[in-house]
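In case you want the letters, here they are:
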Amino acid sequence: MNRKLSMLAALLLLAACILSGCEKVQSSSVPSSMPEATPAATAAPAPTASPTPAPTATPQPTSTPEPSPAADFETLFKANPVDAQLEEDLAMAMTTRSIVQAYEQAANSWQGLLDNLFRSTQETLPEKDQETFRQEQETWQNGQDEAIADIQTKSGEGDDGLITVACETMEFYRDRAYEICKVYYSANQTLPDFEVLLQPVG
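Scoring rules and cut-offs
Residues numbered from 1 in each chain as written. Predicted model: local features only at pLDDT ≥ 70, side-chain atom pairs only at ≥ 80, totals over all residues. Heavy atoms only, no water. Phe/Tyr/Trp six-rings, centres within 6.5 Å; stacked < 30°, edge-to-face > 60°. Helix = DSSP H or I, 4+ residues; strand = E, 2+ residues; numbered from the N terminus. Buried < 20%, exposed > 50% of the residue type's maximum accessible area, 1.4 Å probe, protein only. Polar contact = N/O pair within 3.5 Å; in protein donor to acceptor, adjacent residues only side chain to side chain. Contact = heavy atoms within 4.5 Å.

A. Seen up close, the packing of aromatic side chains. If you walk through the whole model with that rule in mind, you get 11 aromatic pairs. Ring centres of F77 and W110 lie 5.8 Å apart, and the angle between their planes is 20 degrees; on these two criteria the pair is classed as stacked. Here W110 lies in helix α4 (residues 96-124) and F77 lies in helix α2 (residues 73-78), a separation of 33 residues in the sequence. Each member of the pair, F77 together with W110, is buried. Arranged with centres 5.2 Å apart and planes meeting at 20 degrees, the rings of W140 and F172 form a pair that is stacked. Placement of the pair is W140 in helix α5 (residues 127-154) and F172 in helix α6 (residues 158-188), with a sequence separation of 32 residues. With relative accessibility at 17%, the residue W140 sits in the buried group. Connected via pairs of aromatic rings, a cluster forms that spans F73, F77, W110, Y178, Y185 and F194.

Here it is, written out as structure tokens:
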């Protein structure tokens, strides 16, 4: 009887151990309810601002230069052949006499062309201006002898005096030709042909 009781107790103890072991196994096999750590989202890199290209300057239109007007009076007059010949003669003059002769030749050329220049200019003027122009020329002609005498009187002595007289006499006739040419230019925007003016009056 005691043996049966001992066997029964052993069976009960075995059953208890088995049940206890099953509970441990079940407990260990149950997955943990703790949620797995979700990796932190990586921040997207901020877009790099592209450099704004500098605006290209629009080229300004180049202004077209206006066509040059006809040569002005001073330029045309300075190109006269009398001055050109005088400059050449003076460049070659080595003595007082040759210098005086150069100026005298130029004076004769200016004086000689005045009649042709006056006539050519008067023909281009309006009729209402012709009489005034004629009177001015007549006044100049009437005073030229006195003007030349005054030049000779005021000049010095010696070689310098001779050169001064010749030079100022030339300038006296050249100045008158200059004034008449200005009148001609105002009416025609050009000058007459000096080569024609230098021809003897027919």
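The structure having been displayed, the exposition proceeds.
B. Representation of the side chain of N80. By secondary structure assignment, the location of N80 is in the loop between α2 and α3 (81-92). A polar contact is formed between the side chain of N80 and the backbone nitrogen of V82, at a distance of 3.1 Å. With residues up to four places along the chain from it excluded, the contact list for N80 reads W110, R174 and F194.

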